[in-house]
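Residue strings, one per chain:
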Amino acid sequence: MRGLVTKSTGSWYQVFAESGERLECRIKGKFRTQGIKTTNPIAVGDWVEFEIEQGLQSAVITKLEPRKNYIIRRSVNLSKQTQIIGANLDLAMLVVTLASPPTSTGFIDRFLVTAEAYGIPAALVFNKLDLFSEEGLEILAEYIAIYKDLGYPCYTVSALEKENIDDLNEVLKDKITLISGHSGVGKSTLINAIIPGSDLKTGNISDWSDKGKHTTTFAEMIDLPFGGKLIDTPGIRELGIVDIEPQELSHYFPEMRNLLNQCRFHNCRHINEPGCAVLEALENGEIEPSRYDSYLSIYNNENNRN
């Protein structure tokens, strides 16, 4: 029997079978030793084959079908462990807030690089529009200009006031979309605005750290009433890049990718080499300094791991 994984709790998986029923499934132990170097060999969005356990209201997953793509992150505290946070995606959407809590450009860029590396279209949703002052709106416009120029769609919403939600619904229609972001950016409030009646639990921002409290515990796929599915994921404090070699990193920055054949040296690192087209573009204002800072940060971090 075949089905789609719609929820993962770490040890049990909810599978929506092609026959129309939802089943609680577990995996055979050998799944963990088939060269899959992640904490979760099965992820939400995976298609699997399973067998019903005789006399039980559960099933065993026997086969994982090939994935068209996936998003993976490195666990920050357990640096050798990685986690797939969603598979077989049409869109990866990052919810961003400029305050309460702030989302850094470094975090945004790591998410976008990960999506680029795994061939997944990405978009940014700037939430909490209702909190912006006039000065805040100017800063927001600067952020949007950076990413729109690179080809990433940007949307501004107030999940609380349900502002611009219809525009977002058009984007999500008939797609499988992973929705991610820091804890506290309003993902659950946004999903409640997109799907009236879903009543996902929401949390307050912690006063002392200005970071959100985790309200989503496990990844879960939610059906959209107008067609399509959302994969809701637990809030991410930090995003560790996985399986990207330092020498390949510039390929996942669109503004650098377009210049790679113009550098004097074919193995240019774009750090201090003479005749580097990327450094020249940076000096001429054609590459945003915050993006180049993100490149250096990821490059040095990945180089130190190798």
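Since the model is a prediction, treat every value here as computed from it, not as a measurement. All chains use their own residue numbering, which begins from 1 and follows the written sequence. At least 70 in pLDDT is required for a residue's local features to be given in this predicted model, at least 80 for side-chain atom pairs to be given and counted, and no such filter applies to totals for whole chains, interfaces and linings, which use all residues. Side-chain metrics rest on all non-hydrogen atoms present in the structure, leaving aside hydrogens and water.

1. Points about the environment of P66
Note on conventions: DSSP H or I runs of at least 4 residues are helices, E runs of at least 2 residues are strands, and numbering of each starts at the N terminus. Position of P66 among the secondary structure elements: in the loop between β5 (58–64) and β6 (70–74). By relative accessible area, which is 77% here, P66 ends up exposed. Remark: the alpha-carbon pair of P66 and V48, spanning 18 residues in sequence, is separated by 9.1 Å. Residue exposure (1.4 Å probe, protein chains only): buried if accessible area is under 20% of the type maximum, exposed if over 50%, otherwise partly exposed.

2. Here we look at the pairing of strand β9 (residues 122–126)
The buried fraction of β9 amounts to 5 of the 5 residues, a majority that puts the element mostly inside the structure. Burial along β9 is two-sided: A122, L124 and F126 facing one way and A123 and V125 facing the other are all buried. One requirement defines pairing of two strands: DSSP has to find at least two bridges between them. Both strand β8 (residues 91–96) and β9 contribute to a ladder of 5 bridges, which runs parallel. Its bridge partner lying in β9, M93 is registered against A123. Handedness of the β8-helix α1 (residues 105–117)-β9 crossover: right-handed. The sheet contact formed by β9 and strand β10 (residues 154–156) spans 3 bridges and is parallel. Its bridge partner being in β10, V125 is matched across the sheet by Y155. Looking down the strands as they point away from you, a crossover is right-handed if its path from the first strand over the helix to the second goes clockwise.

3. Brief notes about the pattern of salt bridges
Take a side-chain nitrogen of Lys or Arg and a carboxyl oxygen of Asp or Glu: if they are within 4 Å of each other, that pair is a salt bridge. Enumeration according to the criterion identifies 13 salt bridges in this entry. Between D223 and R22 there is a salt bridge; the shortest N-O distance is 3.6 Å. A residue pair is termed long-range when its members are at least 10 positions apart, and D223 in strand β12 (residues 220–223) and R22 in strand β3 (residues 22–27) qualify at 201 residues. The exposure class assigned to D223 is partly exposed, which follows from its relative accessible area of 39%. Looking at R22, the relative accessible area reads 44%, which means it is partly exposed. A single salt-bridge network, built from bridges that share partners, covers R2, E18 and E65.

4. Looking at the confidence of the model for the protein
Caution applies to low-pLDDT regions: their predicted coordinates should not be interpreted in detail. Per-chain confidence: the protein averages 87 in pLDDT, with 86% of residues scoring 70 or above. A score from 0 to 100, pLDDT tells how confident the predictor is in each residue. Throughout, a residue-residue contact means that at least one pair of heavy atoms, one from each residue, lies within 4.5 Å. Counting contacts from residues 203–216, a segment whose pLDDT is below 50, to residues more than four positions away or on other chains yields 34 contacts.

5. Looking at helix α3 (residues 165–172)
Among the residues of α3, those classed as buried are I165, L168, N169, V171 and L172. Looking down the long axis of α3, one finds its buried residues gathered within 160° of arc, a one-sided arrangement. For α3, the exposed residues lying more than 90 degrees away from the buried face are D166 and E170. The inward-facing, buried residues of α3 abut β8, β9, β10, β11 (176–180), α4 (187–194) and β13 (229–232). The directions from the helix axis to the C-beta atoms are what the arc is built from.

6. Details of the pairing of strand β4 (residues 47–52)
Here strand β1 (residues 2–8) runs beside β4; their pairing, made up of 3 bridges, is antiparallel. Following the sheet pairing, R2 is matched in β4 by E49.

7. What to know about the environment of L172
Along the chain, L172 turns up in helix α3. As a C-alpha pair, L172 and L91 span 81 residues in sequence and 8.4 Å in three-dimensional space. Apart from the residues within four sequence positions on either side, L172 is in contact with M93, T177, I194, L224, F226, G227, G228 and L230.

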